[in-house]
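# Descriptive structure summary
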Amino acid sequence: MDIMPAIPSIAERQEQSPALRDRFGRDIRYLRISVTDKCDLRCNYCMPKGFRDFTEPAAWLTYPEILRLTRIFAALGTRRVRITGGEPLTRKGLPQLIAGIRAIESVEDISLSTNGTLLAPVAADLQAAGLNRLNVSLDSLDRACWAGITGADKLPHVLAGLEAARAAGLGPVKVNMVLLKGVNEHEIPAVVRYCFEHGYILRLIEEMPMGQTGSVRGMATLETIRQQLVSEFGLIPVTRELGGGPARYWETPDGHNSLGFITPMSQHFCASCNRVRLASDGRLYLCLGQEHSVDLRAPMRDGCSDAELTAIIRQAIELKPEKHEFREQPQQIIRFMSHTGG
């Protein structure tokens, strides 16, 4: 009779490694920090049109609180930090926060996810503060289609932000395009060419069913599109690492242009997931596709020591599930993507 091996206890795992290690042997080295759930757009796969039920700023973690938690995570082995939202650039003073994170010696990489509408005026300041790189959302190059997806007519602002980021040295700039069935599939080759011409790395992303915003359309997968693009552009698989995320990359034969595919639905990457998400209200989410979470704001504001917060975080990692259940339970996640922090 086969006997399943016993899962090591948290005490045994802590003895084996000072790093954060979950029940499934994954070391947590990547912290995504949402600084706000507010956004100047209403992308229809992220939040409903007209949505205004945002967290009050008084409930957001302050920058000193974010830095304190980041230092604790860094001491536990976190090496990559990504700033997210909502739209993080709607919160004032972001370069100062990035400079504070840069001062944490063991943090090796700081990145930013943005919709790009507010990027152009601050790109140089972000780079000077210590930002290594950024991802910019670009779901269409057609102005009317982009406005239909986002609820605003600001595509020129995004394109200007991309150029400002490249000029500031925040590269290679990565562009995120979410595949929206029946909406922007036909534009993918044009966006690929645009990114290749401008030196951006495009990542195509399968839409995830996050609450009601992700259940309106049928889910589309990237496999057929990947095959078409490999054939059209002569792409070959990339064997070297191009960032710490879940994208699988291909490149042109000359190595000058890269294209990534993020496939949480058709080919999930849960077995190698090394990340957790800190929401703007201080709640730590252990999986984008599950509701497991732990509040860090309340104990911190109640006077917890760093040692006590470290113990809470270690216990929280016990809640990290083996995998998401987007396919098995597509209605399970009722929160919007903007609340979790991307």
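Further up the page is the structure itself.
First, a word on what this report is: a plain description of the structure on this page. (Residues numbered from 1 in each chain as written. Predicted model: local features only at pLDDT ≥ 70, side-chain atom pairs only at ≥ 80, totals over all residues. Heavy atoms only, no water.)

Another point: the sheet that holds strand β2 (residues 80–84). The strand order across the open sheet built from 12 strands is β7-β8-β9-β6-β5-β4-β3-β2-β1-β10-β11-β12, with neighbouring strands paired in mixed fashion. One side of each edge strand has no neighbouring strand; the edge strands of this open sheet are β7 (236–237) and β12 (293–295). Where strand β8 (residues 248–251) meets strand β9 (residues 258–262), four bridges bridge the pair, whose relative direction is antiparallel. Bridging across to β9, W250 finds its partner in L259. Sheet strands touched by helix α2 (residues 63–75): β1 (30–34), β2, β10 (275–278) and β11 (283–285). Its angle to β1, the strand with the most contacts, is close to 170°. Helix α8 (residues 223–233) contacts β5 (174–179), β6 (201–206), β8 and β9 of the sheet and is inclined by roughly 170° relative to β9. (Pairing = 2+ DSSP bridges. Helix = DSSP H or I, 4+ residues; strand = E, 2+ residues; numbered from the N terminus. Contact = heavy atoms within 4.5 Å. Axes fitted to C-alpha atoms, helices over the stretch in contact; angles between N-to-C directions.)

All right, on to the pattern of salt bridges then. By the definition in use, this model includes 12 salt bridges. A salt bridge links K154 to D40, with the nearest nitrogen and oxygen atoms 3.4 Å apart. One end of the pair, K154, is in the loop between α5 (143–150) and α6 (155–167); the other, D40, is in the loop between β1 and α2, with 114 residues separating them in the sequence. For K154, a relative accessible area of 26% gives the class partly exposed. Of the charged contacts, one joins D109 and R133 as a salt bridge, the two residues approaching to 2.9 Å between their closest N and O atoms. You can see D109 sitting in strand β3 (residues 109–114) and its partner R133 sitting in strand β4 (residues 133–137), a full 24 residues away along the chain. Here the two residues D109 and R133 agree in accessibility, since each one is buried. Each of R21, D27 and R29 takes part in a single network of salt bridges with overlapping partners. (Salt bridge = Lys/Arg side-chain N within 4 Å of Asp/Glu carboxyl O. Buried < 20%, exposed > 50% of the residue type's maximum accessible area, 1.4 Å probe, protein only.)

Of all six residues making up β5, six are buried, and the element is well covered by its neighbours. Alternating residues of β5 divide into K174, N176 and V178 and V175, M177 and L179, and every residue in both groups is buried. Relative to β5, β4 runs parallel, the two being bridged by three bridges. In the strand pairing of β5, N135 is matched with K174. In the sheet, β5 pairs with β6 via six bridges, with the strands oriented parallel.

Running from N to C, α2 and helix α10 (residues 306–317) point in directions that differ by 65°, and their axes come no closer than 10 Å. The orientation of α2 with respect to α10, classified from their angle, is roughly perpendicular. As α2 packs across α10, the resulting crossing turns out to be right-handed. Two secondary-structure elements touch here, α2 through R68, L69, I72 and F73 and α10 through D306, L309, T310 and I313. (Parallel < 35°, antiparallel > 145°, perpendicular 65-115°, else oblique. Left-handed = near helix turned anticlockwise from the far one by under 90°.)

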